[in-house]
Each structure stands twice: as C-alpha cells, then as structure tokens.
Amino acid sequence: MSVRGRDSLGGRAAVVGIGATEFSKDSGRSELRLAAEAVRAALDDAGLSPADVDGMVTFTMDTSPEITVAQACGIGELSFFSRVHYGGGAACATVQQAALAVAAGIAEVVVCYRAFNERSGRRFGSGVQHREPSAEGAALGWVLPFGLLTPASWVAMAAQRYLHTYGLTPEAFGQVAVVGRGYAATNPAAWFHGRPITLADHAASRWIVEPLRLLDCCQETDGGQALVVTSVERARDLPHPPAVIAAAAQGAGRAQEQMTSFYRDDLTGLPEMGVVARQLWRTSGLAPADIDVGILYDHFTPFVLMQLEEFGFCGRGEAADFVAGARLPLNTHGGQLGEAYLHGMNGVAEGVRQLRGTAVNPIPGAERVLVTAGTGVPTSGLVLTSDG
C-alpha cells in the first residue's frame, strides 16, 4: 500500500465469522482459554471448522502465541501467522493482514484474535511500572520523570491543548461518553448494560488527569474476541452475509511516538489517523457522507472527537457539536467506554453485526461502516460494506 495511491486490496476478502467470550472484570480463567473460546465461537459463527483454518493473526501484546491457540482449538497446519505492534492500533490491522494473505493466496481462512485479563491481571491503566531497555522506552524517558506515567496522563496533554485551541470546556468530551453509554445501556453484552449517563453525570465524575474525568476513560476488561476472514467468493457460500473489506489501512505520522507525540507542531489532531483516513477514502472511493455507522476507537473521549475531524466528518473543533447533533450513529455497541475494552476488536465485530442486521442497536439500511483502531499510536482502520 502506498500513502500516495489507491491500493488493490479492497473487495477481495470479507469477515465471515465473529465470536467472543463474555466481557467481565474477573474471567477466572487463563488468557489462552479466553482466546480459544473466542476462536471456536468465531469459527462456529462462520460455519467453518478448525480444519479449515490455515492462517492466524494477533497483537504483539497478546500472551497466547498463534501456534498455541491453534493447538488448543484443534487447528492443524498453518501457512500464515503474523502479529501487529502498537497495542490497540493493531485492531483493524489484524484484519488487513488477514485480507492481504487471502488476496495473495497465502492462506484461505485466517483467524484474527485478541484475549486478555486486562482487569484481573495486568491493568494497562496502572501505567508504566517496569520496562526493558528499548528505543520506545527511551522516548518515554522524556516524560516519565515528570509524572506522565499512565495512558490517561499522556492523552490529557493533547486534550488540554484541544480545549484551549478551540475555546471548549470538558463538556465537549462528555458528549462522546453519553452517546457510548446510551448505546451500551441497551446492549445485554455490555458491562454497562442498563446504565446510561447524562452530561451532568459526566461532569460529576472524579478527575483522573485534568481535563479527563473518570467517564472519559474506557474500561478495563477481561475477555476475548475473534474474527474469521476469507475470500469474498468463499464467503458467499457461508451462513451469514459477508462483511466485505472495501478498504484497510495502517498509518503512522511524522514525529510519531507511542502515545507521547508531544513534539509535533500541533497537538490538536491525530496525524496517524489522517494517514489512515486518506488511504481508506482513496481505496474505497467513499467519502464521509457515504458512511452509515462509525465505530471509532474510544479508549479516551477526546480522541474520538479528533478522529471525526481527521476523517472529515466535520471541521476542526466542531466534533463535539457533531456528536451532540447525532449526525452519525457512533459506537452502537457502547464502545470501549460502555461495552468492553478489547483493544478495539469488539468494534470490528460490531461493524460486522451492523452489516448483517443483527446488532442490538441496528441502524436501518446500514451498508457502509467505518471502523478505527487505537489512537495516539501508529494505527489502522477499515471500511466494511455489504456484498454487492
């Protein structure tokens, strides 16, 4: 793929199976078992067996290797296995890797998965406690001594600048939280099922790192999610309508770091997501007005606003009003704020459900869905469409 031209991947592969464990705060089982449960559920959903699988993709952060998950699930020989770096930025890129393998004939059926005990085990929100020497660690060394130890503290720097630049208050972020929790309230799979919030609730929640409040921050979740990718042709013979991968992209910006890109000229945007946006629009031939549902990575509310602006849904500084005006159905499963934090993989699954018409909050006539991965890091995105 080039950042300068349309690629040829679009329309050659589809997501045909989705499966997940329950989303909890204490799974009571190993991360390997969570991965295996999610993979088997996704294969059952696709109408395929472990014997059909010849490729697997996951995150570099996942603790369950591809060969170990394959063994646990009864999967045999593999001709393709891959991992994608940068935490939640890998979510949509796992699907891109799978689609590339299918389109190139390297594999026929590829499973993407992510599983962790992120609440009962290692909690990302607890921040950096130990790090082996690395180039990434050296970059963090410029901020850790000054108290920027957690993801929330890193995002707060950009969030504060965003509010200052556009003359906004933290209520702007509350718009995102209210929408996500509203959809989660009607989703039985969501941790916050039955518990919507108001802007007043958002404003009353405690500070985490100003200007971020508790309700600006995603959950910590135990669980697993898996997806099955194959060719569009094979997909048409399977039980569910395929979610065609109309475009898939990765992106890293200039002066990119992992969550601490504070030395750019402007902190009010997400240049890495701008790279993804240009690639997705160029390859799919679509524009913001063509998108029926947006599933945007929401580990922190400010970065949802910045994503909407990077993709051109609205002007700079206008995203809070865009969200408040309900101009695009957004995170209809509740997102990571309301459903679960599965490093964005549950968002891809929601995109598939919207196209199938099986989402708990279905958007009538949804045919084109934008899905994004983690922000503040090198990232990725997808445009999923109905077949034909």
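Residues numbered from 1 in each chain as written. Predicted model: local features only at pLDDT ≥ 70, side-chain atom pairs only at ≥ 80, totals over all residues. Heavy atoms only, no water.

Turning next to the pattern of salt bridges. If you walk through the whole model with that rule in mind, you get 13 salt bridges. Note that Arg29 is salt-bridged to Glu22, the shortest N-O span being 2.7 Å. What makes Arg29 buried here is its relative accessible area of 18%. Given a relative accessible area of 39%, Glu22 falls into the partly exposed group. Between Arg33 and Glu37 there is a salt bridge, with its nearest N and O atoms 3.0 Å apart. (Salt bridge = Lys/Arg side-chain N within 4 Å of Asp/Glu carboxyl O. Buried < 20%, exposed > 50% of the residue type's maximum accessible area, 1.4 Å probe, protein only.)

The next subject is empty space enclosed by the protein. According to the stated counting rule, one finds two cavities of 30 Å³ or more in the structure shown. The space that makes up the largest cavity amounts to roughly 140 Å³. The wall of the largest cavity is formed by 15 residues, among which Ala158, Ser261, Arg264, Leu270 and Phe303 lie closest to the centre. In terms of residue class, the lining of the largest cavity is made up of eight nonpolar, four polar and three charged. Put simply, the second largest cavity is a space of about 60 Å³. Together, Ile295, Leu296, Tyr297, Asp298, Asn331, His333, Gly335, Gln336, Gly344, Asn346, Gly347 and Thr372 line the second largest cavity. (1 Å grid on protein atoms, 1.4 Å probe; cavity = no way out; pocket = protein on both sides within 12 Å on 5 of 7 lines; lining within 4 Å. Points joined across faces, edges and corners; volume = space filled by probe spheres on them. Nonpolar A, V, L, I, M, F, W, Y, C, P; charged D, E, K, R; others polar.)

With that settled, the discussion passes to the side chain of Asn117. Among the structural elements, Asn117 can be located in strand S4 (residues 109-117). At a separation of 2.6 Å, a polar atom in the side chain of Asn117 contacts the side chain of Ser27. Apart from the residues lying within four places of it in its own chain, the contact partners of Asn117 are Ser27, Arg29, Ser30, Glu31, Leu34, Arg122, Thr221 and Asp222. (Helix = DSSP H or I, 4+ residues; strand = E, 2+ residues; numbered from the N terminus. Polar contact = N/O pair within 3.5 Å; in protein donor to acceptor, adjacent residues only side chain to side chain. Contact = heavy atoms within 4.5 Å.)

Enumeration over the complete set of coordinates arrives at six aromatic pairs. For the pair Trp281 and Phe311, a centre-to-centre distance of 5.7 Å together with 85 degrees between the ring planes defines the contact as edge-to-face. Taken as a pair, Trp281 in helix H9 (residues 271-284) and Phe311 in the loop between helix H10 (301-310) and helix H11 (319-324) lie far apart in primary sequence, 30 residues in all. Using a relative accessible area of 14% as the deciding quantity, one classes Trp281 as buried. (Phe/Tyr/Trp six-rings, centres within 6.5 Å; stacked < 30°, edge-to-face > 60°.)

The next subject is the nonpolar core. In a soluble, globular protein the nonpolar side chains are often hidden away together inside. One finds Leu305, Leu308, Phe311 and Phe313 to be the most contacted residues of the largest nonpolar core, which totals 50 residues. Secondary-structure elements contributing two or more residues to this core are helix H5 (151-166), helix H6 (171-184), strand S8 (243-251), H9, H10 and H11. Considering each element in turn, this core owes the most residues, eight residues, to H5. Excluding residues that lie within four positions of it along the chain, Leu305 makes contacts with Tyr162, Ala172, Phe173, Val176, Ala319, Ala320 and Val323. Leu9, Ala13, Val102 and Val352 belong to the second-largest nonpolar core, a separate cluster that totals 39 residues. (Core = buried A, V, L, I, M, F, W, Y, C linked by side-chain atoms within 4.5 Å.)

A separate point is the UniProt feature "domain: Thiolase C-terminal" (unreviewed entry) in the chain. Mapped onto this numbering, the UniProt entry annotates "domain: Thiolase C-terminal" (unreviewed entry) at residues 254-377. The span residues 254-377 is 37% helix and 6% strand, and its two end C-alpha atoms sit 12 Å from each other. (UniProt positions renumbered as here; feature names shortened; annotations may be inferred.)

Before going further, it helps to examine the sheet that holds strand S1 (residues 13-20). Pairing between the strands of a sheet is mediated by backbone hydrogen bonds and can be parallel or antiparallel. The strand order across the open sheet built from nine strands is S3-S2-S4-S7-S1-S8-S11-S10-S9, with neighbouring strands paired in mixed fashion. Edge positions in the sheet fall to strand S3 (80-84) and strand S9 (293-295), since each has one partner strand and no second. Direction aside, the axes of adjacent strands within the sheet are offset by 25 degrees on average. Where S9 lies against strand S10 (residues 368-372), three bridges are found, and the strand directions are parallel. The residue of S10 that forms the bridge with Gly294 is Leu370. Strands strand S2 (55-59), S3 and S4 of the sheet are contacted by helix H2 (residues 66-73), whose axis makes an angle of about 125 degrees with S2. Along the sheet face, helix H3 (residues 91-103) touches S1, S2, S3, S4, strand S7 (222-231), S8, S10 and strand S11 (379-386) and points at about 25 degrees away from the line of S7. (Pairing = 2+ DSSP bridges. Axes fitted to C-alpha atoms, helices over the stretch in contact; angles between N-to-C directions.)

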